[in-house]
Amino acid sequence: MQELKEKIEKYGTVLPGNVLKVDAFLNHQVDTDLMYKVGQEFAKHFADQGITKIWTVESSGIAPAVMTGLAMHLPVIFARKHKSLTLNNNMFTADVYSYTKKTTNRISISKKYVEAGEKVLLIDDFLANGQAVEGMMEIADQAGVQVAGAGIVIEKSFQPGGKELRDKGVEVYSLAQIKSLEDGQVEFV
Ligand code: 5GP
């Protein structure tokens, strides 16, 4: 998606540890026009597949997920993150290691909003090692829910998540693919 790449080039900054900071339009301030187009693009790509709901993980996935839900006229669930190891029978849970924060969070989705036989589209802001998407897939598995695929705003293709998911047969659709962040420079695939 050309407009997204231009925003990354203009506003993205590279932090140590191969982290791309895009606070200007995605992770802190949200460019709503851009995010609206992101939602339209995911909706177009995943149209006519019988998708019943959009899932994401709080908090940075919410903006693109909600725009996708709006474009597809579908509800959006954002999995909640908890530091503590709270056990709750009313929740589906999975443990997710956070690439940027270097901590493990338990993500959870209430059983109240999940029905067996549903088909969900997973959305996230970034794909690095694939932990967030894998966590949502684990919950889908527990819940008897089918996964249509994953819509990713920015994939860091030099990290293994994208390849691992595609090798498992998951349809991963990324709107920008980054080949390298070496020397503080963003290089697209
Ligand atoms: P993964 O679970 O695929 O290892 O990492 C994806 C998650 O980590 C995303 O939900 C995102 O919040 C965060 N993340 C990973 N890499 C980056 C990055 O380079 N920049 C930002 N802002 N977040 C990232």
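The numbering scheme is per chain: residues are counted from 1 as the chain's sequence reads. pLDDT decides what is reported in this predicted model: residues at 70 or higher carry local features, side-chain atom pairs at 80 or more are listed and counted, and totals for whole chains, interfaces and linings draw on all residues regardless. Just so you know, side-chain values use all the structure's heavy atoms and leave hydrogens and water out.

- As recorded by an unreviewed UniProt entry, the protein carries the name Xanthine phosphoribosyltransferase and is attributed to Limosilactobacillus coleohominis 101-4-CHN.
- The protein has a UniProt comment under Subcellular location (unreviewed entry) that states "Cytoplasm".
- UniProt positions are given in the numbering used here, feature names are shortened, and annotations may be inferred rather than shown by experiment. What UniProt states about the protein under its Pathway (unreviewed entry) heading is, verbatim, "Purine metabolism; XMP biosynthesis via salvage pathway; XMP from xanthine: step 1/1."

### Let's talk about the pairing of strand 8 (residues 146-156)
Part 1: For every residue, the accessible area (1.4 Å probe, protein chains only) is compared with the maximum for its type, and the residue is labelled buried under 20%, exposed over 50%, or partly exposed between those bounds. Put simply, DSSP marks the helices as runs of H or I at least four residues long and the strands as runs of E at least two long, and each gets a number from the N terminus on. The element strand 8 is largely enclosed, with a buried count of 9 among its 11 residues.
Part 2: What makes two strands pair is DSSP finding at least two bridges between them. Here 8 bridges tie strand 7 (residues 119-127) to strand 8, and the two strands are oriented parallel to one another. Counted as the bridge partner of F126 is I154 from strand 8.
Part 3: Assignment of crossover handedness uses the view with strands pointing away from the viewer, where a clockwise path from the first strand over the helix to the second indicates a right-handed crossover. Crossover connection from strand 7 via helix 4 (residues 131-143) to parallel strand 8: handedness right-handed.
Part 4: The pairing of strand 8 with strand 9 (residues 172-180) spans 6 bridges and is classified as parallel. Paired with K156 across the bridge in strand 9 is I178.
Part 5: In terms of handedness, the path from strand 8 via helix 5 (residues 161-167) over to strand 9 forms a crossover that is right-handed.

### Concerning the nonpolar core
Part 1: L4, I8, L20, L26, F42, M72 and I154 are the most contacted members of the largest nonpolar core, which has 30 residues in total.
Part 2: Among the elements of the structure, helix 1 (2-11), helix 2 (32-45), helix 3 (62-72), strand 7, strand 8 and strand 9 are those that each provide at least two residues to this core.
Part 3: Looking at this core, the element that brings in the most residues is helix 2, giving 5 residues.
Part 4: For F42, the residues in contact, after removing those within four places along its chain, are T68, I123, G151, I152, V153, Y173 and L175. Here, nonpolar core means buried Ala, Val, Leu, Ile, Met, Phe, Trp, Tyr and Cys residues that are tied together by side-chain atoms lying within 4.5 Å of each other. Residue contacts are defined here by distance: any two heavy atoms, one from each residue, within 4.5 Å place the two residues in contact.

### Observations concerning the confidence of the model for the protein
Part 1: The score called pLDDT rates the predictor's confidence residue by residue, from a low of 0 to a high of 100. Residues of the protein with pLDDT of at least 70 account for 97%, and the chain-wide mean is 96.
Part 2: Per the prediction output, this complex has pTM 0.97; the corresponding ipTM is 0.99.

### Overview of helix 2
Part 1: Expected helix span is taken as 1.5 Å per residue step, with the number of steps being one fewer than the number of residues. Its 14 residues give helix 2 an end-to-end C-alpha distance of 20 Å, which sits within 8% of 20 Å, the value for a rise of 1.5 Å per residue.
Part 2: Among the residues making up helix 2, those that are buried are L34, M35, V38, G39, F42 and A43.
Part 3: Definition of a polar contact: a pair of N or O atoms within 3.5 Å, with one able to donate and the other able to accept a hydrogen when the atoms are protein atoms, and with sequence-neighbouring residues admitted only if both atoms are side-chain atoms. Structurally, the start of helix 2 carries an N-cap: the backbone nitrogen of D33 is 3.2 Å from a side-chain oxygen of D31.

### A few points about the sheet that holds strand 7
Strand pairing in a sheet is mediated by backbone hydrogen bonds. Such pairs are either parallel or antiparallel.
Part 1: Pairing within the open sheet is mixed, and its 8 strands lie in the order 5-6-4-3-7-8-9-10. Both outer strands of the open sheet, strand 5 (91-97) and strand 10 (187-188), are each paired with one neighbouring strand and no more.
Part 2: Throughout, an axis means a line fitted to C-alpha atoms (over the contacting stretch in the case of helices), and angles, computed between N-to-C directions, take values from 0 to 180 degrees. Lying over the sheet, helix 2 contacts strand 7, strand 8 and strand 9, oriented at roughly 120 degrees with respect to strand 9.
Part 3: Against the sheet, helix 3 makes contact with strand 3 (53-57), strand 4 (76-82), strand 7 and strand 8, and its axis sits at roughly 175 degrees relative to strand 3, the strand it touches most.

### A look at helix 4
Part 1: For helix 4, which comprises 13 residues, the first-to-last C-alpha distance of 18 Å matches the rise-based estimate of 18 Å (1.5 Å per residue) to within 8%.
Part 2: Buried within helix 4 are the following residues: V133, G135, M136, M137, I139, A140 and A143.
Part 3: The inward-facing, buried residues of helix 4 contact strand 3, strand 5, strand 6 (104-110), strand 7, strand 8 and helix 5.
Part 4: Count one or two residues on from helix 4 and you reach G144, which has phi positive near 70 degrees.

### Things to note about the side chain of S174
Part 1: Considering the arrangement of structural elements, one finds S174 in strand 9.
Part 2: Among the polar contacts listed, one links the side chain of S174 to the side chain of E155, at a separation of 2.5 Å.
Part 3: For S174, the residues in contact, after removing those within four places along its chain, are I152, E155 and R166.

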